[in-house]
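Fold and contact review
Take a look at the letters that make up each chain.
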Amino acid sequence: WYGRLYRVGGDEFVALIKVDGKTLAKVKKNIEQLTKKWGEKNKQTLSISCGYVVYSDNKKMTVRQMAIEADKRMYAAKKKYYEKIVNFCFLFLLL
């Protein structure tokens, strides 16, 4: 394990991990693969929107500021995901 995971809301979690950039990319890829595998196994769609902030890139930010920024990035990822679904549905309806 790389750190700790905390549930902060109904379906929102915060992970505090200490990894280098290469390992962070690996962690993100593992999450994507596990999400896809779960969806295939259960024949359901599962989406995970992530927003993260790297401390070493933002040392002047407080923990609260980093949490706010990560939250903004998560919602931007979620919006991008739903825009793809809407665009797909729209294209599907055009066919």
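The shown structure was predicted, so the numbers you read here are calculated from the model rather than taken from an experiment.

Focus: the pairing of strand β1 (residues 3–7)
Of all five residues making up β1, only zero are buried, and the element is barely covered by its neighbours. Where β1 meets strand β2 (residues 13–17), five bridges bridge the pair, whose relative direction is antiparallel. Bridge pairing in β2 places Arg4 opposite Leu16.

Describing a nonpolar patch on the surface
A cluster of nonpolar side chains, namely Tyr6, Val8, Val14 and Leu16, defines an oily patch on the protein surface of about 350 Å² accessible area. The residue Leu16 is located in strand β2 in this model. Judged by its relative accessible area of 52%, Leu16 falls in the exposed class.

Regarding helix α1 (residues 21–42)
Taking 1.5 Å per residue as the helical rise, α1 with its 22 residues ought to reach 32 Å, and the 32 Å between its terminal C-alpha atoms agrees with that figure. Restricting attention to buried positions, one finds in α1 the residues Thr23, Leu24, Val27, Thr35 and Gly39. Summarising the axial view, the buried residues of α1 lie within an arc of 155°, below the 170-degree limit, and thus occupy one face. Along α1, the residues that are exposed and aim more than 90 degrees away from the buried face are Lys22, Glu32, Lys36, Lys37, Glu40 and Lys41. Elements in contact with the buried residues of α1: β2.

What counts, and at which threshold
- Residues numbered from 1 in each chain as written.
- Predicted model: local features only at pLDDT ≥ 70, side-chain atom pairs only at ≥ 80, totals over all residues.
- Heavy atoms only, no water.
- Buried < 20%, exposed > 50% of the residue type's maximum accessible area, 1.4 Å probe, protein only.
- Helix = DSSP H or I, 4+ residues; strand = E, 2+ residues; numbered from the N terminus.
- Pairing = 2+ DSSP bridges.
- Patch = residues over 30% accessible without salt bridge, like charges linked within 9 Å, V, L, I, M, F, W, Y side chains within 5 Å.
- Areas by Shrake-Rupley, 256 points an atom, 1.4 Å probe, with all protein chains shown as cover.
- Salt bridge = Lys/Arg side-chain N within 4 Å of Asp/Glu carboxyl O.
- Expected span 1.5 Å × (residues − 1).
- Arc of directions from axis to C-beta.
- Contact = heavy atoms within 4.5 Å.

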